[in-house]
Amino acid sequence: MTDPVLTRRGFLGTLAAGAAVSLAGCGSGPSSESSDPGELTTIVIWDRAGAHAKARQEFFRVWNEREGKSRGIAVRYEPQATDKYEEIVRLGFQTKRAPDLFHSPSAQLGAFVAAGWVRPLPDLVGKAVLDKAAPYHQKNSELVWGGVPYAVPTTAFTNRMVINVDLFEKAGLDPGAPPATFSEVRRAAAAITKAGGGDAFGMLIPIKATGFRQWSVDIPLMAGDAALAQFGLFNAATQTYESAKYAPLLELYRAMITDKTAYPGAATLAADVAINAFGKGEAGMYITSSAIVSSLADLSSKVKAIAAPLPVPDGQKLVRSPMNAGYPYAISSTSQNPEKAAAVFEVMVGDAVQQALAAKAAPPLNGAVWDSAVIKDNALLQQFRPGELDRQWPKTPGGLLQVDGESVDQTVEKLLLDPSAALEPALSGLQQRMQAAYDAAVQRGDVDPQEFRA
């Protein structure tokens, strides 16, 4: 087996924080169990619950009855609680109840590799599968550590600003010329809110959504500055944190919350409520990923929506549209049936599952699936199709560091919820904490700086 470059020292203490999370909803045991010990080997898959999980679950129900039996495999597909997923995975490994395959959130994969919980894919997976994923296995990809791929993505989560065409037109705005800068977003939000008369608002700012900082804060800032990576705004070229650059986005969101041109209740707004509000026509703009298309389909929303380019800070131009080749899957190092787990893995990341997901309006990676009959006429989804500016976001050391004091997410949320708090000292303190943690990790040998360079 290929040895990971990252040392394991230092990470296990951080990962152990998940041990307090209940195992309710987790799998019932290791994969050595068989639904029919004489014939079938059970391969357990853990995934984050949601619309995509439903599609995968149905796919494997049919697969088990057809192809699975001929291969001597029974897949037990187990969706887990969305908001506790990372903790559930950690506890599963710590208590030796981990699955054979699992959705490994890309931001956490480096820590999972360091802990020895995932297998290097070249040891088990066919070259053709890895070659197909090669565009997303660049050296600084979140899925590659020590030059070795540990996971394969399955969906193309590009990011846009979705706008409600009718609300734009009602406010006298041209949906064909959407806001391109933060100040233009603020003006558009004010116009939409005024025209909405209390029934519609300018912008959705779901502070309590899972991954809010990652998707709704970091992404627009990275769109106008190609040097930045997520989780504190790390510059890999200079090996420094530039957290002060959070200021323009935080100023925009604070202004809209204060002006009440943001959808009400931003402080407690979760993703499902935000999507439901957009689907009912109560918000004019929402910075989000292509995952929203399947969510709106689930809601049977009648909103006329289009996907516009991401807005950027004033004085900047859109230089990239950071995307995540998402829902990556990995093979557990603890699997007692690694060869059969690898066989299921190849099915999990293959075109047949992508077709099943596309039928639920999920964005595929494969160009042929984008052109297939099932989604070629889905106008909104096609506007999220990866283009020239859509580039896989780089990995960042933020999730691997032991930071003293407030985390990045805590600082961002605190500054948004208290508009009177001074941005400069708070962001300066964040920058210093992140830099100190990074420098210490590099000095100890826990982090290799070369991992993050393009």
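Structure first, text after, so check above.
Residues numbered from 1 in each chain as written. Predicted model: local features only at pLDDT ≥ 70, side-chain atom pairs only at ≥ 80, totals over all residues. Heavy atoms only, no water.

## Points about the environment of Q108
Relative to the assigned elements, Q108 resides in helix 4 (residues 106-114). As a C-alpha pair, Q108 and N324 span 216 residues in sequence and 14 Å in three-dimensional space. Residue contacts for Q108: discarding those within four places in its chain leaves E86 and R90. (Helix = DSSP H or I, 4+ residues; strand = E, 2+ residues; numbered from the N terminus. Contact = heavy atoms within 4.5 Å.)

## Here's the deal with the pairing of strand 14 (residues 321-326)
Among the six residues of strand 14, six are classified as buried, and the element is accordingly described as predominantly covered. The alternating pattern of strand 14 places S321, M323 and A325 and P322, N324 and G326 on opposite faces, both of which are buried. The pairing of strand 6 (residues 155-157) with strand 14 spans three bridges and is antiparallel. Counterpart to T155 in the pairing with strand 14 is G326. Two strands pair when backbone bridges link them, and strand 14 and strand 16 (residues 390-392) are joined in this way by three bridges, in the parallel orientation. The residue of strand 16 that forms the bridge with P322 is R391. (Buried < 20%, exposed > 50% of the residue type's maximum accessible area, 1.4 Å probe, protein only. Pairing = 2+ DSSP bridges.)

## Some details on the packing of aromatic side chains
Counted by the stated rule, this structure contains 17 aromatic pairs. Relative to Y77, the ring of F60 lies with its centre 6.3 Å away and its plane at 20°, an arrangement referred to as stacked. On the criterion of sequence distance, the pair formed by F60 in helix 2 (residues 51-71) and Y77 in strand 2 (residues 73-80) is long-range, its members being 17 residues apart. You can call Y77 buried: its relative accessible area is 8%. Taken together, W145, F234, Y241, Y438 and F452 form an aromatic cluster joined through their ring pairs. Here the guanidinium or amino end of R56 rests over the ring plane of Y327, the centre of that ring lying 4.9 Å away. (Phe/Tyr/Trp six-rings, centres within 6.5 Å; stacked < 30°, edge-to-face > 60°. Lys NZ or Arg CZ within 6 Å of the ring centre and 35° of its normal.)

## A short note on the side chain of Q354
In this structure, Q354 sits in helix 13 (residues 351-358). Within polar-contact distance, the side chain of Q354 engages the backbone nitrogen of L365 at 3.1 Å. (Polar contact = N/O pair within 3.5 Å; in protein donor to acceptor, adjacent residues only side chain to side chain.)

## As for the sheet that holds strand 3 (residues 101-103)
The four strands lie next to each other as 2-1-3-15, forming an open sheet whose pairing is mixed. Of all strands in the sheet, those with a lone pairing partner are strand 2 and strand 15 (329-331), marking the two edges. Between one strand axis and the next, the sheet turns by 20° as a mean value, whatever way the strands run. Bridge analysis of strand 1 (residues 41-48) against strand 2 gives eight bridges, and the strand direction is parallel. Bridging from a neighbouring strand, I45 pairs with Y77 of strand 2. Contacts from helix 12 (residues 338-348) reach strand 1, strand 2, strand 3 and strand 15 within the one sheet, and its direction differs from that of strand 1 by about 45°. (Axes fitted to C-alpha atoms, helices over the stretch in contact; angles between N-to-C directions.)

## What to know about the packing of helix 8 (residues 212-223) against helix 16 (residues 408-417)
Contact geometry for helix 8 and helix 16: axes closest at 11 Å, N-to-C directions at 65°. Classified by the interaxial angle, the pair formed by helix 8 and helix 16 is roughly perpendicular. Judged by the twist between their axes, the crossing of helix 8 over helix 16 is left-handed. The segment helix 8 lies against helix 16, with F212, R213 and V217 engaging V408, D409, V412 and L416. (Parallel < 35°, antiparallel > 145°, perpendicular 65-115°, else oblique. Left-handed = near helix turned anticlockwise from the far one by under 90°.)

## Notes on the sheet that holds strand 11 (residues 240-241)
Sheet strands pair via backbone hydrogen bonds, and the direction of the pair is either parallel or antiparallel. What the three strands build is an open sheet, ordered 9-10-11; its pairing is antiparallel. For this open sheet the edge positions go to strand 9 (228-229) and strand 11, each flanked by a neighbour on one side alone. Pairing of strand 10 (residues 234-235) with strand 11, which is carried by two bridges, proceeds in the antiparallel orientation. For F234, the partnering residue across the bridge sits in strand 11 and is Y241.

## Quick notes on the environment of P206
With respect to the helices and strands, the residue P206 is situated in the loop between strand 8 (201-203) and helix 8. Taking C-alpha positions, P206 is 25 Å from Q382, a pair spaced 176 residues apart along the chain. Excluding residues that lie within four positions of it along the chain, P206 makes contacts with F212, A266, L269, A270, A274 and Y286.

## Remarks on the nonpolar core
If you look at the biggest cluster of nonpolar residues, it comprises 77 residues, and the most contacted ones within it are F102, I205, Y246, Y253, M256 and M285. Ranked by residue count, the leading element in this core is helix 17 (residues 423-444), at seven residues. With sequence-adjacent residues up to four places away left out, I205 is seen in contact with F212, Y253, M256, I257, A262, A266 and L269. In terms of nonpolar packing, the next biggest core, distinct from the first, is built from 31 residues, I43, I45, I73 and L121 among them. (Core = buried A, V, L, I, M, F, W, Y, C linked by side-chain atoms within 4.5 Å.)

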